[in-house]
Amino acid sequence: MEGKTHAMIGVAVGLAVAYAHHAPVDKTIVLAAIGGLAGLLPDIDHPQSTIRRGAGVAGNVAFFWLRHRGLTHTLLALVLLGAASAYFMPGSLAMATSVGYVSHLIADMMTRAGLPILWPLSAKSIHLPPGLRTGGWLESVVFLLALGVAVVLGAGYLQ
Ligand SMILES: [Zn+2]
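Sequence order as written defines the numbering, with residues in each chain counted from 1. Residue-level local features of this predicted model are given only where pLDDT is at least 70; pairs of side-chain atoms are given and counted only at 80 or more, and the full residue set underlies all totals for whole chains, interfaces and linings.

Examining the overall build of the chain
Consideration 1: The helix and strand tally for the chain stands at six helices and zero strands.
Consideration 2: Along its sequence from the N terminus, the chain presents helices and strands in the succession α-α-α-α-α-α.
Consideration 3: Principal axes of the C-alpha set define a box for the chain whose edges measure 45 × 35 × 30 Å.
Consideration 4: Any residue surrounded by 20 or more other C-beta atoms within 10 Å of its C-beta is treated as buried, while 12 or fewer makes it exposed and the intermediate range makes it partly exposed; C-beta atoms here are placed from the backbone. Within the chain, buried positions represent 36% of all 159 residues. Helix and strand assignments follow DSSP, with helices taken as H or I runs no shorter than four residues and strands as E runs no shorter than two, numbered in order from the N terminus.

A closer look at helix α1 (residues 3-20)
Consideration 1: For a helix, the expected span equals 1.5 Å multiplied by the residue count minus one. With 18 residues, α1 should reach 26 Å at 1.5 Å per residue; the first-to-last C-alpha distance of 26 Å fits that figure.
Consideration 2: With 14 of 18 residues buried, α1 is to be regarded as a mostly interior element.
Consideration 3: Looking one or two residues beyond α1, the residue adopting positive phi is His22, at roughly 50°.

Overview of helix α6 (residues 137-155)
Consideration 1: For α6, which comprises 19 residues, the first-to-last C-alpha distance of 27 Å matches the rise-based estimate of 27 Å (1.5 Å per residue) to within 8%.
Consideration 2: Buried within α6 are the following residues: Val142, Ala146, Ala150 and Leu153. Down the axis, α6 shows its buried residues gathered within 75° of arc, on one side only. Opposite the buried face of α6, at more than 90 degrees from it, the exposed residues are Trp137, Leu144, Gly148, Val151, Val152 and Ala155.
Consideration 3: Contact criterion: two residues are in contact if their C-beta atoms, reconstructed from the backbone, are within 7 Å. In the core, the buried residues of α6 are packed alongside α1 and α5 (91-109). Directions pointing from the helix axis toward each C-beta atom define the arc.

A short note on the packing of helix α4 (residues 75-88) against α5
Consideration 1: Interaxial angles span 0 to 180 degrees and are taken between N-to-C directions of axes, which are lines fitted to C-alpha atoms, for helices over the stretch in contact. Two elements in contact, α4 and α5, have axes whose closest approach is 8 Å; the angle formed by their N-to-C orientations is 165°. Judged on the interaxial angle alone, α5 and α4 are roughly antiparallel. Considering how the two elements wind past one another, α4 and α5 form a crossing that is right-handed. The residues of α5 that touch α4, namely those facing Leu78, Leu81, Gly82, Ser85 and Ala86, are Ala94, Thr97, Ser98, Tyr101, Val102 and Leu105. Throughout this description, any angle smaller than 35 degrees is read as roughly parallel, any larger than 145 degrees as roughly antiparallel, any in the 65 to 115 degree range as roughly perpendicular, and the remainder as oblique. In this scheme the handedness of a crossing depends on how the near helix is turned from the far one: anticlockwise by less than a right angle means left-handed, clockwise means right-handed.

Observations regarding the nonpolar core
Consideration 1: In terms of nonpolar packing, the biggest core is built from 31 residues, with Ala12, Leu15, Val17, Leu31 and Ala96 touching the most fellow members.
Consideration 2: Listing elements by their share of this core, those giving two or more residues are α1, α2 (25-40), α5 and α6.
Consideration 3: Among the elements that line this core, the one with the most residues is α1, at 10 residues. Each nonpolar core comprises buried Ala, Val, Leu, Ile, Met, Phe, Trp, Tyr and Cys residues, the members being joined through C-beta atoms within 7 Å.

What about the packing of α1 against α2?
Consideration 1: One way to put it is that α1 packs onto α2 with a least axis distance of 6 Å and a crossing angle of 140°. Considering only the axes of α1 and α2, their crossing is right-handed. Along the contact surface, α1 presents Gly3, His6, Ala7, Ile9, Gly10, Val11, Val13, Gly14, Leu15, Val17 and Ala18, while α2 presents Lys27, Thr28, Leu31, Ala32, Ile34, Gly35, Gly36, Ala38, Gly39 and Leu40.
Consideration 2: Residues of the contact of α1 with α2, tallied by class, amount to 12 nonpolar, eight polar and one charged. In this classification, the charged set is Asp, Glu, Lys and Arg, the nonpolar set is Ala, Val, Leu, Ile, Met, Phe, Trp, Tyr, Cys and Pro, and all remaining amino acids, among them Gly, are polar.

Structure, rendered in structure tokens:
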């Protein structure tokens, strides 16, 4: 899926983590930002992705060896990132990181290409319904749904 869809889903799940933790407004903004960034992070393996372009030359030097939809799109990467964030970050920030990351993996698995999610146990690409096309109209629906969830969760602070 496209960067803007991943970022919006990540923001929505970051807001959901904030809601679950009854976070104050300032922390909610941080959690939404972390969710959005973590939602973009797996695509650090693609030279044209939003997050890779954001990382500039340093990103190209550090991650040139990654194949797109390879290592960073596996349960192994999720477990490693989850463990590292749980170790280095306070609870809700670590949770927003892991949940943002997993939201990317689930969203990509809903595309026709799927992901080799069980690598290195299996190199087979696994996909979930509905098998949508990256950049297609169904992806726009996913984007709008995530935007709607984010607005509803964010609106709770206006009361
Ligand atoms: Zn991806």
